[in-house]
Every structure is written in C-alpha cells, then in structure tokens.
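Below, each chain spelled out in residue letters.
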Amino acid sequence: MVKIRIYLIALVLILNACSGKEDPKNIVAFNDFDALAEWGFENPSLTTERAHSGRYSVKIDNSVENGIGFNSILGKITTAKPKNLKVECWAYVPETARVLLVFSIDNEANNTVVWEATKLTDLTNNYQVWTKISKTIPIPDSIAFTDRLKCYFWRTENMDGAVYIDDLKLTVVN
Ligand SMILES: [Ca+2]
C-alpha cells in the first residue's frame with residue numbers, strides 16, 4: 001500500500017521545533033497529506049475543499065468508505081516495542097458522522113492482535129470545526145516486529161455531510 005512515512009520526518013522535526021514539547025524520536029509517523037499530493041499520489045479521499053494544514057486533507061463522505069491511513073510493519077517504524085501508541089489528528093466532524101477511527105494490529109498469519117474502533121463522534125463534542133482528537137491504544141507484550149499496524153478512518157454506513165481528517169500522527173507513549 002501507500003508508503004506514508006519517511007519523507008515526512010523532516011516536517012515532523014520542524015513542527016516539533018515549533019512546539020518545543022514532544023520528543024521527535026517518539027513520533028513514528030506523521031502525515032499532513034500535502035506531501036502526498038505534491039508527490040503525485042492520487043486517492044479519491046484527497047481533497048482541497050478544507051484543510052487544517054496546507055491545502056490538502058482527507059475527506060470521507062458517502063462516496064468514500066475509507067480515508068487514506070497508516071499501514072506499516074512494526075519493525076519498520078520502531079526498534080523498541082511500544083507500551084502504548086497514541087493516534088492524533090485534526091478532524092472536522094459533523095454531528096451526523098458515521099465514521100470510526102480504527103487502529104489494528106495483525107500478525108504474520110493475519111490473525112488480529114489488536115482491534116480498536118472508536119466513533120469520531122465519541123472523540124469530540126465540537127462539531128463542524130477543526131478539532132484535535134486523540135486516542136491512546138495499549139499495545140500487548142505479545143506484539144512482534146513482523147506484525148502489521150494499520151490506522152485509518154472507516155465510514156460504516158451512509159451519512160449526511162463529510163468528515164475531514166488532517167495531520168495524522170502516531171506517537172510512542174511508554
Ligand atoms: Ca494538510
């Protein structure tokens with residue numbers, strides 16, 4: 001699938017320098033979706049209708065079931081097994097949204113190790129404005145470096161309006 005990863009690290013470092021808080025080595029992935037678009041990546045969920053950063057964000061509506069997400073092998077993103085992973089993003093969510101934030105880990109045999117699905121409407125009470133949302137997921141000790149991590153947004157049924165996602169970040173929290 002999409003390689004949403006290394007070339008964004010420089011941007012993460014810049015953002016971190018601005019905030020002065022987070023340790024950049026704990027950030028395993030960041031996507032502002034602008035870099036994807038600038039590099040010619042095409043996806044039905046990429047949009048310029050609304051953005052929290054730059055020009056691009058990911059839009060999920062009745063024509064798009066899954067927004068662009070994160071998909072990688074644990075051993076490619078970290079050399080130490082995390083105790084928790086924090087998913088953060090900026091989200092523009094209507095009250096009518098029927099979209100889940102999904103975080104999953106599958107092992108090499110395709111068995112599910114972790115499956116966390118949370119309604120976006122349970123992660124914010126601020127509708128129709130850009131809001132920072134986050135979810136921290138405990139990672140079991142049994143995780144292997146060959147396991148596959150995915151984080152994405154999934155529309156589970158038809159809905160009125162559209163959800164926009166921008167600045168998706170995964171951080172190790174120990
Ligand atoms: Ca953006």
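Being a predicted model, the structure only gives us computed values, none of them experimental. (Residues numbered from 1 in each chain as written. Predicted model: local features only at pLDDT ≥ 70, side-chain atom pairs only at ≥ 80, totals over all residues.)

Colleague: Would you take a moment to explain the overall build of the protein chain for this structure?
Modeller: Across its full length, the protein chain carries four helices and ten strands. Secondary structure elements of the protein chain occur, N-terminal to C-terminal, as α-β-α-β-β-β-α-β-β-β-α-β-β-β. In the protein chain, buried positions account for 32% of the 174 residues. (Helix = DSSP H or I, 4+ residues; strand = E, 2+ residues; numbered from the N terminus. Buried ≥ 20, exposed ≤ 12 C-beta atoms within 10 Å, placed from the backbone.)

Colleague: How should I be thinking about the nonpolar core in this particular structure?
Modeller: Side chains of a nonpolar character, in soluble globular proteins, are inclined to be buried together. Val87, Val163 and Ile165 are the most contacted members of the largest nonpolar core, which totals 37 residues. Setting aside residues no more than four positions away along its own chain, Val163 makes contact with Ile60, Ala91, Tyr92, Val93, Ala97, Val99, Leu120 and Phe153. (Core = buried A, V, L, I, M, F, W, Y, C linked by C-beta atoms within 7 Å. Contact = placed C-beta atoms within 7 Å.)

Colleague: I'm lost on the sheet that holds strand E9 (residues 148–155) in this one. Help?
Modeller: Adjacent strands of a sheet form backbone hydrogen bonds with each other and so pair up, either parallel or antiparallel. Reading across the sheet, the four strands line up as E4-E9-E6-E7 and stay open at both edges, with antiparallel pairing between neighbours. The open sheet has two edge strands, strand E4 (70–73) and strand E7 (112–119), and neither has a second partner. Within the sheet, the average angular offset between the axes of one strand and its neighbour, ignoring direction, is 15°. (Pairing = 2+ DSSP bridges. Axes fitted to C-alpha atoms, helices over the stretch in contact; angles between N-to-C directions.)

Colleague: Just checking my understanding: could you explain the pairing of E9 for this structure?
Modeller: If a strand is regular, its side chains alternate between the two faces of the sheet. Alignment of E4 against E9, held across four bridges, turns out to be antiparallel. Its bridge partner being in E9, Phe70 is matched across the sheet by Cys151.

Colleague: Would you mind showing me how to read the environment of Asn71 here?
Modeller: By the element assignment, Asn71 lies in strand E4. Each C-alpha atom of the pair Asn71 and Tyr152 lies 8.5 Å from the other, and the pair is 81 residues apart in sequence.

Colleague: Is there a simple way to think about the environment of Phe103 in this case?
Modeller: Tracing the sequence through the fold places Phe103 in strand E6 (residues 99–106). Residues Phe103 and Val114, spaced eleven residues apart in sequence, show a C-alpha to C-alpha distance of 7.5 Å. The residues touching Phe103, leaving out its near neighbours within four places in the chain, are Val87, Val114, Glu116, Ile137 and Cys151.

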